Amino acid sequence: MAHIALSSIRQPAANAIFSRAGIGAPVAIELLPFTVRPVLTEADLHKAVAVRHAAYARHLPDFARSLKQPEAADHDADTMILLAESKADGTVLGSVRIQTNFRQPLHIEASVDLPLWLATQRLAEVTRLGIVEGRIGRQVKLALIKACFEHCEQNGVDTAVVSGRAPIDRQYEQLLFTDVFASREPVTLRHVGNLPHRIMYFDIASGQERWEAARHPLLDFFCRTRHPDIDLGRHVPSVWKHGLPRGQQGAGAVVVGLAA
């Protein structure tokens, strides 16, 4: 997987226009050359599966063979899949899947016991992030990650937890994620081909403050730019309407796994 290319978005795109939200700092409105939206039909799902398989096949060909068809988790009621498509010709450029723990444990919990402070929260696991190659792929990756953060904010999620294999785990460090386990030892994950991954977390509420303190190059993209082409439709998985999982209350977490 290519480097996350933080410097590639330091400057606003040429088609970005500026407005002012209340008395706050200027907010850029940037139009992307692609859209990001939830998968709504079986045809959409097969598009997402195709780009997912192709992305994994570039780096994990053996594991990718198990991803040629939709997985059972793709059809779960508490799953949302996002699809990125070119505005020019409708080409599928990337996809990612978000699964909550309202009806069943997260996939990651089959391989690791999360700390109590995390396991008792409302959780979601973001997996199967796959993008096309090239410069547009890097931009799509960032947009999909931003969409995941927006999903967290829209649904009251408090903590993002990621699983990253080397060298992708370094990209999470660049985003200011911290290791869940002090040992920083990789954990073998069954649902990702039994490959070792670091488990890391990110506090959503303090994210912008920490990015500002670090003068992070993605601050403007994530926090100060509105992208109308990222349209989650205020989507809330149906099971989220029935209260918290396992009788828990309040906080939540998201688990993210970067793919190829």
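Keep in mind it's a predicted model, so treat the numbers as computed, not measured. Think of each chain on its own: its residues are numbered from 1, step by step along the sequence as written. The model is predicted, so local features are restricted to residues of pLDDT at least 70 and side-chain atom pairs to those at 80 or more, both for listing and for counting; the totals for chains, interfaces and linings are taken over all residues. Think of the side-chain values as coming from all heavy atoms in the structure, minus any hydrogens and water.

(A) Expanded view of the overall build of the protein. Along the backbone of the protein there are 7 helices and 12 strands. The Shrake-Rupley method, run with a 1.4 Å probe, gives the accessible areas here. Residue values count only the displayed protein chains as cover. Within the structure as shown, the protein displays about 11900 Å² of accessible surface, and the carbon and sulfur contribution to it stands at 52%. Put simply, DSSP marks the helices as runs of H or I at least four residues long and the strands as runs of E at least two long, and each gets a number from the N terminus on.

(B) Representation of the environment of L142 in the model. Inspection of the secondary structure assignment puts L142 in helix α4 (residues 135-154). Each residue gets one of three labels from its accessible area relative to the maximum for its type: buried under 20%, exposed over 50%, partly exposed in between, using a 1.4 Å probe on protein chains only. Accessibility expressed as a relative area gives 1% for L142, which makes it buried. The spatial distance from the C-alpha of L142 to the C-alpha of F221 is 8.7 Å, given a sequence separation of 79 residues.

(C) Focus on the packing of aromatic side chains. Stacked, tilted and edge-to-face are the three classes assigned to paired rings of Phe, Tyr and Trp, where Trp is represented by its six-membered ring and a pair needs centres within 6.5 Å; plane angles under 30 degrees give stacked, over 60 edge-to-face, the rest tilted. Per the counting criterion, the structure on display carries 10 aromatic pairs. Judged by centre distance (5.5 Å) and plane angle (70 degrees), the ring pair of F149 and F222 falls under edge-to-face. With F149 in helix α4 and F222 in helix α7 (residues 219-223), the pair connects residues that are 73 residues apart, well separated along the chain. Note on accessibility: F149 and F222 belong to one class, buried. Aromatic pair F177 and F202: ring centres 5.0 Å apart, planes at 45 degrees, arrangement tilted. Remark: F202 occurs in strand β10 (residues 195-203) and F177 occurs in the loop between α5 (168-174) and β8 (178-179); sequence separation between them is 25 residues. In terms of burial, F177 and F202 fall into one category: buried.

(D) Local environment of the nonpolar core. In terms of nonpolar packing, the biggest core is built from 20 residues, with F34, V36, L82, V96, V140 and L144 touching the most fellow members. Among the secondary structure elements, those contributing two or more residues to this core are β3 (34-38), β4 (79-86), β5 (92-100), β6 (122-131) and α4. Of all the elements, α4 adds the most residues to this core, at 5 residues. Setting aside residues up to four positions removed in sequence, V36 forms contacts with L82, L83, A84, A143, L144, A147, D229, I230 and D231. Within the second largest apolar cluster, 19 residues are counted, among which are F149, V157, F202 and F221. The term nonpolar core refers to a set of buried residues drawn from Ala, Val, Leu, Ile, Met, Phe, Trp, Tyr and Cys, joined through side-chain atoms within 4.5 Å. We call two residues in contact when some of their heavy atoms are within 4.5 Å.

(E) Unusual backbone geometry, seen in detail. For the bond from A166 to P167, the omega torsion is 5 degrees, close enough to zero to count as cis. Along the chain, P167 falls in the loop between β7 (159-164) and α5. Positive phi values are uncommon outside glycine, yet N194 reaches one of about 55 degrees. For N194, the location among the structural elements is in the loop between β9 (187-189) and β10. Positive phi outside glycine occurs at R215, with the angle close to 50 degrees.

(F) How the structure looks around the confidence of the model for the protein. As a per-residue measure, pLDDT reflects the predictor's confidence and takes values from 0 up to 100. Confidence in the prediction of the protein, expressed as mean pLDDT, is 80, and 80% of residues score 70 or more. For the stretch residues 5-24, pLDDT sits under 50, and the model shows 28 contacts to residues farther than four places along the chain or on other chains. Per-residue pLDDT stays below 50 along residues 235-254; that stretch engages in 65 contacts with residues further than four places along the chain or on separate chains.

(G) Summary view of the pairing of β3. Side-chain alternation along β3 places F34, V36 and P38 on a buried face and T35 and R37 on a face that remains uncovered. Note on pairing: DSSP must find at least two bridges between two strands before they are called paired. Of the strand pairs in this sheet, β3 and β4 are connected by 5 bridges, and their pairing is antiparallel. Across the sheet, V36 pairs through a bridge with A84, a residue of β4.

(H) How the structure looks around the environment of H107. With respect to the helices and strands, H107 occurs in the loop between β5 and α3 (116-119). Classification of H107 by relative accessible area gives partly exposed; the value is 22%. In this structure the C-alpha to C-alpha distance between H107 and H191, which are 84 residues apart in sequence, comes to 6.6 Å. Once residues lying within four places of it in the same chain are set aside, the contact partners of H107 are A73, R97, Q99, E125 and H191.

(I) Spatial organisation of the pairing of β5. Most of β5 sits inside the fold, with 9 of its 9 residues counted as buried. If you look at the hairpin formed by β4 and β5, you'll find 5 residues sitting between the two strands, and G90 has a positive phi there, around 80 degrees. Examined bridge by bridge, β5 and β6 share 6 bridges and lie antiparallel to one another. Considered in β6, the bridge of Q99 is made with E125.

(J) Main features of the side chain of S95. Position of S95 among the secondary structure elements: in strand β5. We classify S95 as buried; its relative accessible area is 0%. In the analysis that follows, any N or O atom pair within 3.5 Å is treated as a polar contact, provided that within protein one partner can donate a hydrogen and the other can accept it, and provided that, for residues neighboring in sequence, both atoms belong to side chains. From its side chain, S95 meets the backbone oxygen of A48 in a polar contact 3.3 Å long. For S95, the residues in contact, after removing those within four places along its chain, are A48, V51, R52, L82, L83, R128, L129, G130 and L144.

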